[in-house]
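Below are the chains, spelled out letter by letter.
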Amino acid sequence: MSSIRCILIFSALFFLITPAFTQDRATAEEYLQQAEIIMNETKALDDVRDILVIAAEADTTFERANFEAGEVHLLTINKPMAVKYLMRVYRQDPNYRFDLEYLIGRGYQYGLDFEKAIDFYKKYKAKAQAKPDYRGSDKVALSEVERKIFQCENGKKFVSEPRNFSIVNIGREINSEFDDYGPVINENEDEIVFTTRRKDGNMNENVFEDNKPWEDIFVSYKENDKWTWAKNIGAPVNTPTHNATLALSADGKLLFIYTDEVGSGDILLSEKQPDGTYGPPTPLPGIINSSYKESAITISKDEKTIYFTSDRPGGLGGSDIYSATKDSRGEWTRVKNLGPKINTIYDEEGPFIDYDQVTLYFSSEGHNGMGGHDVYKSTFDPKKNEWSEPENLGYPINTPDHDLYFIASRDGKRAYYSSFRDDGLGYQDIYMITIPEGLKTPHTVVAENTQPKKIDTLATATVKKEPVITQEEPVVTKEPDPVIKKDPPPEPKKNVIPLKFVVSVVDAEKKRPLDAKVKLQGARDNIIVRSETREPGVYEFFVTNTSPKDYRLTVEVDGYVFQNENLRIDKATTEEKVVSRTVELRRLSVGVTKILRNIYFDFDKATFKTESYAELNKLEAMLRQNGNVKVEIGGHTDGVGNNAYNVFLSRKRAEAVKDYLTKKGIDARRVTAVGYGKSKPIATNDDENEGRELNRRVEFRVLQN
């Protein structure tokens with residue numbers, strides 16, 4: 001009788017669950033079909049990615065939807081997110097695809113989780129070695145897997161020793177919500193020309209086949225130490241098709257651009273006119289352009305030598321860097337491959353010759369990189385007629401993704417490049433890098449236990465001989481020599497001991513440790529503080545700044561509300577010092593709220609300031625990682641002003657946050673924008689700093705999870 005009852009109960013549960021399961025699978029398959037249609041008609045991978053994410057979240061057990069969602073992330077942006085979807089497949093069927101472990105390894109590598117990446121690369125390697133006769137299209141060569149493991153080992157080393165680089169978004173005057181990249185700058189650093197795929201001001205009102213605006217070249221000038229709002233450089237440089245920047249001469253009079261209208265890709269030259277505009281682009285004179293792809297170029301300060309990239313036959317592999325010199329007729333001749341010190345069997349790109357005309361910066365997929373293209377530096381020795389071994393510029397300039405088109409300032413203390421970073425305004429943005437010690441100074445690490453040389457005081461003492469006295473000579477009494485007092489030897493200089501800032505991350509309710517993604521960096525300069533993980537949930541940061549400084553602490557865990565804290569940390573001294581802080585994270589349960597303190601608007605407007613995007617991107621990342629979460633974005637004002645206007649302004653600001661999230665691919669149905677005006681103060685309106693400023697805020701509240 002009991003067994004019959006169990007069968008009946010199971011049958012009832014099956015019929016209750018099956019309709020919901022079937023509906024979820026049907027919804028997921030419907031979205032998959034939409035994605036297939038888009039892929040067959042266009043190359044709009046970003047749109048496909050957003051649709052596949054909806055399909056995967058509709059049915060987390062649907063292997064195909066989750067695999068394709070993970071795979072498309074590896075081909076676009078937010079590459080570490082691939083792990084979330086691929087692991088769903090792996091947990092259900094490790095043999096779903098032969099290269100599944102390899103793809104999971106790539107996702108972990110992009111996310112700087114090198115140990116897990118190596119673990120999955122080795123799992124794939126073992127599988128491939130166990131089936132040497134497998135010939136499927138999803139097989140990855142073991143040499144490629146070994147290369148990835150090598151990159152991860154390099155990555156562990158570079159990330160554990162972050163260099164003292166300040167990498168700051170150049171600002172909304174230049175960057176947009178679309179891709180902005182390929183910056184070139186003159187010697188005076190008061191003119192910047194770059195490539196953008198923004199919609200506003202584009203020469204072509206239509207979109208390219210990837211559903212993004214066409215590439216256009218924009219320009220900005222520095223006035224009163226601030227960049228002006230970038231504007232389209234206009235015709236004849238820009239055309240209705242793709243136009244991209246490559247290089248700018250030191251004096252700003254020669255602009256090199258790229259076009260793929262003819263052949264596989266050529267370099268064109270535009271000269272600045274007396275009125276400050278650039279003239280019609282013409283093919284580079286000489287034998288530089290070929291029937292193959294020439295995609296990058298740089299010119300020496302004396303304008304006698306160029307370095308360019310080409311995938312022409314005869315190279316060492318892929319795209320190589322070549323040099324050429326100008327002849328008496330003004331044409332570029334004597335094309336020469338830079339050789340195996342610079343070029344590898346992989347691709348080299350983005351050369352930049354420094355103002356000293358012997359230091360070359362370039363990007364390469366070879367050498368001792370940590371993934372994708374890394375930026376390197378090499379110096380030419382005229383006496384030996386050879387280049388030095390390329391030096392990897394390290395983390396955080398380099399990442400496991402592509403890092404390209406790095407250009408340095410005249411004094412070597414600043415540089416510019418484009419990258420995908422946490423504080424980006426949209427997709428790829430342009431950043432200014434500040435290098436306090438200068439790029440031309442070798443990067444050396446001084447051991448903390450290095451002792452100063454001991455001073456041997458005896459070795460420096462003078463010995464005075466007494467006069468010899470004989471009986472034949474009378475004794476003459478002399479006044480003693482004056483005693484010369486010597487300063488005592490200087491005390492050995494004590495080494496500064498880094499201050500240990502220990503962060504413990506725990507669940508707010510259960511107080512148990514959480515394995516988190518924790519970062520500490522300068523609040524204004526973004527300089528990353530070196531860290532180590534001592535045990536699960538405990539992270540040690542080593543602060544070496546010799547004066548108190550403002551920092552930003554970010555803590556993220558899947559399924560929890562992220563934490564962004566601004567805090568001031570004391571200076572490092574010659575004494576050991578430990579500062580501890582516990583961060584309690586709350587689960588993303590219904591009703592949980594969080595004030596987005598680091599979102600700033602222009603006065604009386606609903607437009608973001610540049611400092612807001614780090615916080616906005618954390619919110620976006622949290623929503624991406626937790627696909628079932630729906631939130632309300634609430635805008636609030638202080639008690640000053642008309643109530644109706646305050647409600648209007650607060651709603652516009654909440655809608656600005658929602659609009660930003662949806663443009664980045666978050667489903668609009670997951671975000672509700674509400675303006676509360678001054679109806680929900682959290683402090684008194686009698687005081688500015690402790691009251692009205694706190695009331696002017698944006699916060700989110702979890703509606704569903």
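Structural data are supplied above this passage.
Residues numbered from 1 in each chain as written. Predicted model: local features only at pLDDT ≥ 70, side-chain atom pairs only at ≥ 80, totals over all residues. Heavy atoms only, no water.

**Q** Tell me about the pairing of strand 7 (residues 244-248), and please be specific about residues and values.
**A** For strand 7, a buried count of five out of five residues is recorded, marking the element as mostly surrounded by other parts of the structure. Judged from the four bridges that link them, strand 7 and strand 8 (residues 254-259) form a sheet pairing that is antiparallel. Bridging from a neighbouring strand, Thr-245 pairs with Ile-257 of strand 8. A loop of five residues connects strand 7 with strand 8, the two strands running antiparallel in sequence, and Gly-252 in this loop sits at a positive phi of about 75°. (Buried < 20%, exposed > 50% of the residue type's maximum accessible area, 1.4 Å probe, protein only. Helix = DSSP H or I, 4+ residues; strand = E, 2+ residues; numbered from the N terminus. Pairing = 2+ DSSP bridges.)

**Q** I'd like to hear about helix 9 (residues 643-663), residue by residue, with values.
**A** A rise of 1.5 Å per residue sets the reference length of helix 9, with its 21 residues, at 30 Å; its end C-alpha atoms lie 30 Å apart and thus fit the reference within 8%. Within helix 9, the full set of buried residues consists of Asn-646, Leu-649, Ser-650, Arg-653, Ala-654, Ala-656, Val-657, Tyr-660 and Leu-661. Along the long axis of helix 9, the arc covered by the buried residues comes to 140°, so they all point the same way. Looking at the packing, one finds that the buried side of helix 9 touches helix 8 (613-625), strand 31 (630-636), strand 32 (671-677) and strand 33 (697-704). (Expected span 1.5 Å × (residues − 1). Arc of directions from axis to C-beta. Contact = heavy atoms within 4.5 Å.)

**Q** Describe in detail the nonpolar core, supporting the description with residues and values.
**A** In this structure, Leu-86 and Ile-104 are the most contacted members of the largest nonpolar core, which totals 30 residues. For this core, the elements supplying multiple residues, two or more each, are helix 3 (63-75), helix 4 (82-92), helix 5 (100-110), helix 6 (114-130) and helix 7 (142-160). Ranked by residue count, the leading element in this core is helix 6, at seven residues. Leaving out residues up to four positions away in the same chain, Ile-104 has contacts with Val-83, Leu-86, Met-87, Tyr-90 and Phe-120. Residues Ala-230, Phe-352, Leu-393 and Tyr-417 belong to the second largest nonpolar core, which totals 28 residues. (Core = buried A, V, L, I, M, F, W, Y, C linked by side-chain atoms within 4.5 Å.)

**Q** Now, about the packing of aromatic side chains: what can you tell me, with residues and values included?
**A** A ring pair, where both rings are aromatic, is described by two values, the distance of the centres and the angle of the planes. Applying the stated criterion to the full structure yields 22 aromatic pairs. Summarising the aromatic geometry, the rings of Phe-67 and Tyr-96 are spaced 5.5 Å apart at their centres and angled 50° between planes, so their arrangement reads as tilted. Of this pair, Phe-67 sits in helix 3 while Tyr-96 sits in the loop between helix 4 and helix 5, and the two are 29 residues apart along the sequence. Accessibility expressed as a relative area gives 30% for Tyr-96, which makes it partly exposed. Considering the side-chain rings of Phe-362 and Tyr-376, the 5.8 Å spacing of their centres and the 25° angle between planes classify their relative orientation as stacked. Of this pair, Phe-362 sits in strand 16 (residues 359-364) while Tyr-376 is found in strand 17 (residues 374-381), placing the two residues 14 residues apart along the sequence. We note that Phe-362, like Tyr-376, is buried. Aromatic ring contacts, followed pair by pair, group Phe-98, Tyr-102, Tyr-121, Tyr-124 and Tyr-134 into a single cluster. The positively charged end of Lys-123 is found above the aromatic ring belonging to Phe-120, 4.5 Å away from the centroid. (Phe/Tyr/Trp six-rings, centres within 6.5 Å; stacked < 30°, edge-to-face > 60°. Lys NZ or Arg CZ within 6 Å of the ring centre and 35° of its normal.)

**Q** So, the side chain of Asn-564: which residues are in play, and what are the values?
**A** If you trace the backbone, Asn-564 turns up in strand 28 (residues 563-569). On the basis of relative accessibility, which here comes to 10%, the residue Asn-564 falls in the buried class. Side chain to side chain, Asn-564 and Glu-615 meet in a polar contact 2.8 Å long. Those residues in contact with Asn-564 that lie beyond four places of it in its chain are Leu-553, Thr-554, Lys-594, Asn-598, Ala-614, Glu-615 and Lys-618. (Polar contact = N/O pair within 3.5 Å; in protein donor to acceptor, adjacent residues only side chain to side chain.)

**Q** Hey, could you go over the environment of Phe-114 for me, with residue numbers and the actual values?
**A** Structurally, the position occupied by Phe-114 is in helix 6. Each C-alpha atom, one on Phe-114 and one on Glu-153, is 7.4 Å from the other, the two residues being 39 residues apart in sequence. Beyond its immediate chain neighbours, meaning those up to four positions away, Phe-114 contacts Gln-109, Cys-152, Gly-155, Lys-156, Val-159, Met-370 and Pro-400.

**Q** An account of the pairing of strand 2 (residues 180-185) is needed here, citing residue identities and associated values.
**A** Taken across its six residues, strand 2 has six buried, putting it largely inside the fold. Across four bridges, strand 2 lies against strand 3 (residues 191-196) in antiparallel orientation. Residue pairing across strands places Tyr-181 opposite Thr-195, the latter belonging to strand 3.

**Q** Any details on the pattern of salt bridges? Residues and values, ideally.
**A** One pass over the full model with this rule turns up 54 salt bridges. We note a salt bridge from Arg-524 to Asp-550, for which the minimum N-O separation is 3.0 Å. Taken as a pair, Arg-524 in the loop between strand 24 (517-522) and strand 25 (531-535) and Asp-550 in strand 27 (residues 549-556) lie far apart in primary sequence, 26 residues in all. Here Asp-550 falls in the partly exposed class, since its relative accessible area comes to 23%. A salt bridge links Arg-581 to Glu-565, with the nearest nitrogen and oxygen atoms 2.7 Å apart. On the criterion of sequence distance, the pair formed by Arg-581 in strand 29 (residues 578-585) and Glu-565 in strand 28 is long-range, its members being 16 residues apart. One connected set of salt bridges, linked through shared partners, spans Asp-46, Arg-49, Asp-50, Asp-179 and Lys-212. (Salt bridge = Lys/Arg side-chain N within 4 Å of Asp/Glu carboxyl O.)

Any functional reading would require information beyond the geometric quantities listed.
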